[in-house]
Number of protein chains: 2
Amino acid sequence: MTGSANDEATLPLKVWLALFSNVRQIEWLIRTNLRESFGSTLPRFDLLSQLYRVADGMTMSELSTRLMVSNGNVTGLIARLVAERLVSRVADPQDKRIQRVALTPKGRRVFETMIPANQAWVSAAMAGVPRDDLVELQALLQKLKVSVSGAVQMHKAGEVPGDQDGPPWAAP
Amino acid sequence: MTGSANDEATLPLKVWLALFSNVRQIEWLIRTNLRESFGSTLPRFDLLSQLYRVADGMTMSELSTRLMVSNGNVTGLIARLVAERLVSRVADPQDKRIQRVALTPKGRRVFETMIPANQAWVSAAMAGVPRDDLVELQALLQKLKVSVSGAVQMHKAGEVPGDQDGPPWAAP
DNA sequence: GTCATATACTTTAAGTATGAAATGTATTGG
DNA sequence: CCAATACATTTCATACTTAAAGTATATGAC
């Protein structure tokens, strides 16, 4: 009695549209505020936040994977951040193909001023939702992420002919 | 007993990160599949889906608002879709500032082949989540949207000095 | 050692996105 | 009527993004 047969088929799509709509609006807020308050952008912020979490930096590929963007994109983004002296990029002496990237002291300092502002923007956007609902929402999103990540992995595995013999997440 | 004092402050941020992560991955799936199956892109798809819902088309501003993208972006996107004969664009005879944009028969036909595919991709990504969880998730996302939309409206109102006398959503 | 192959990254070309300024078109108050 | 103002869109410069092709380096078979 909670839904027709048609709901069954379109329910995931409705959830997707609701997810997308929320993210699009929150992204708009963060992007606008980053520009107005710091003269920065969301891609830069995402990149800095990844580097902020680790002590000894990351490789370009690691960044590319974590941000789910192309390798070429990371190259350009890092080049601009290096030009702004927020990020350092040094070739690995052991393996000269690898570029190791890290926050500079300036980069760390700048990012730390952005953290509380970002938190305030997001909190303000969600201020109309009771705490309990947010707790529940987070739990459901965690469940969803498991399912979605599986689908992404499956798609990636299907595209690579030389990878048939079982990635770690596949059942034996 | 369900959380420390620190959770209280970071809870919205955690919800945001979970939202963002899910959307990023689902977007990746849709974008990849659109390319592989239809040689198309997500921005084009979003634009077509907006036009698909209305019978008599839309103005550029309306598209810009609904998609939450800049006016300049819509101009370029529409130009490419017009070149592909998926969309028609005609100047309004009453008000020559206005461009009225609509799907062509070809555009409608093409988009209709994309609908079931898109639904299948999203369903597959969410296949690991029980139906009841999806129902609840949708309800919570609807609540969130109200809060977020209010924050967006407030930000937009704050930026325009000539708009002090209350938009429709403001309390009287 | 040498060659094939894989890996890490960069470059390229096309497309997508932004904000600001410019353009052209109504509308309105005097 | 007409200047001021508002509005819809485009243009411009720049930034971000992707897929695909290219470069350089490493690794392993032989």
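Our subject is the structure that appears above.
Below is a short write-up of the structure. (Residues numbered from 1 in each chain as written. Chains lettered and ligands numbered in written order. Predicted model: local features only at pLDDT ≥ 70, side-chain atom pairs only at ≥ 80, totals over all residues. Heavy atoms only, no water.)

## A short note on the interface of chain A and chain B
To be explicit about the condition: Only heavy atoms enter the contact rule, under which two residues are in contact if any of them lie within 4.5 Å. Salt bridge criterion: a side-chain nitrogen from Lys or Arg within 4 Å of a carboxyl oxygen from Asp or Glu. Any pair of N or O atoms that falls within 3.5 Å is considered a polar contact. Within protein, one atom must be able to donate a hydrogen and the other to accept it, and sequence-neighbouring residues count only if both atoms are side-chain atoms. The helix and strand labels rest on DSSP assignments: H or I over at least four residues marks a helix, E over at least two residues marks a strand, and numbering proceeds from the N terminus. All amino acids are sorted into three groups, where Ala, Val, Leu, Ile, Met, Phe, Trp, Tyr, Cys and Pro are nonpolar, Asp, Glu, Lys and Arg are charged, and the leftover types, Gly among them, are polar.
With 63 residues of chain A at the interface, the matching set in chain B holds 64 residues. A salt bridge links Lys143 of chain A to Asp133 of chain B; the nearest nitrogen and oxygen atoms lie 2.7 Å apart. Seen at the junction of chain A and chain B, the total is 21 residue pairs in polar contact (both at pLDDT 80 or more). For the side of chain A that touches chain B, the elements supplying multiple residues, two or more each, are helix H1 (5-38), helix H2 (42-53), helix H3 (60-67), helix H5 (105-125) and helix H6 (131-159) of chain A. Per-element accounting of the side of chain A that touches chain B gives the leading share, 26 residues, to H1 of chain A. A class-by-class count of the residues in the side of chain A that touches chain B yields 32 nonpolar, 16 polar and 15 charged.

## Section: the relation of the copies chain A and chain B
Operational definition: The superposition of copies rests on a least-squares fit of C-alpha positions from residues with pLDDT of 70 or more in both.
Placing chain A over chain B gives an RMSD of 0.1 Å and needs a rotation angle of 180°, together with 0.0 Å of translation along the axis. Here the two chains are linked by the operation of a two-fold rotation axis. Here 100% of the contact residues of chain A are again contact residues in chain B; the copies associate through an equivalent surface.

## Considerations on the protein's contact with DNA strand C
Under the convention used in this document: Any residue with a heavy atom positioned within 4 Å of a molecule or strand is treated as near that molecule or strand.
By nearness alone, 26 residues border DNA strand C, and Ser61 and Thr75 of chain A together with Arg44, Ser70 and Arg80 of chain B come closest of all. Sugar plus phosphate, as a fraction of atoms of DNA strand C within 4 Å of the protein: 75%. Residue Thr75 of chain A places a side-chain N or O atom 2.6 Å away from a phosphate oxygen belonging to DNA strand C. Between DNA strand C and Asp95 of chain B there is a distance of 3.5 Å, counted from a phosphate oxygen to a side-chain nitrogen or oxygen. Those elements giving two or more residues to the surface near DNA strand C turn out to be H1, H3 and helix H4 (71-83) of chain A together with helix H2 (42-53) and helix H4 (71-83) of chain B. For the surface near DNA strand C, the leading source of residues is H4 of chain B, giving four residues. The residue makeup of the surface near DNA strand C, split by class, is six nonpolar, eleven polar and nine charged.

## Some thoughts on the packing of H2 of chain A against H3 of chain A
Residue and element names in this part refer to chain A. In plain terms, the rule: Think of each axis as a best-fit line through the C-alpha atoms, taken over the contacting stretch in the case of a helix, with angles from 0 to 180 degrees between the N-to-C directions. Each crossing gets its handedness from the near helix: less than a right angle anticlockwise from the far helix is left-handed, clockwise is right-handed.
Contact geometry of H2 with H3 gives a least axis separation of 11 Å together with a crossing angle of 115°. Where H2 crosses over H3, the handedness of that crossing is right-handed. On H3, the residues touching Asp46, Leu47, Gln50 and Leu51 of H2 are Leu63, Arg66 and Leu67. Of the residues assigned to the contact of H2 with H3, the class counts are four nonpolar, one polar and two charged.

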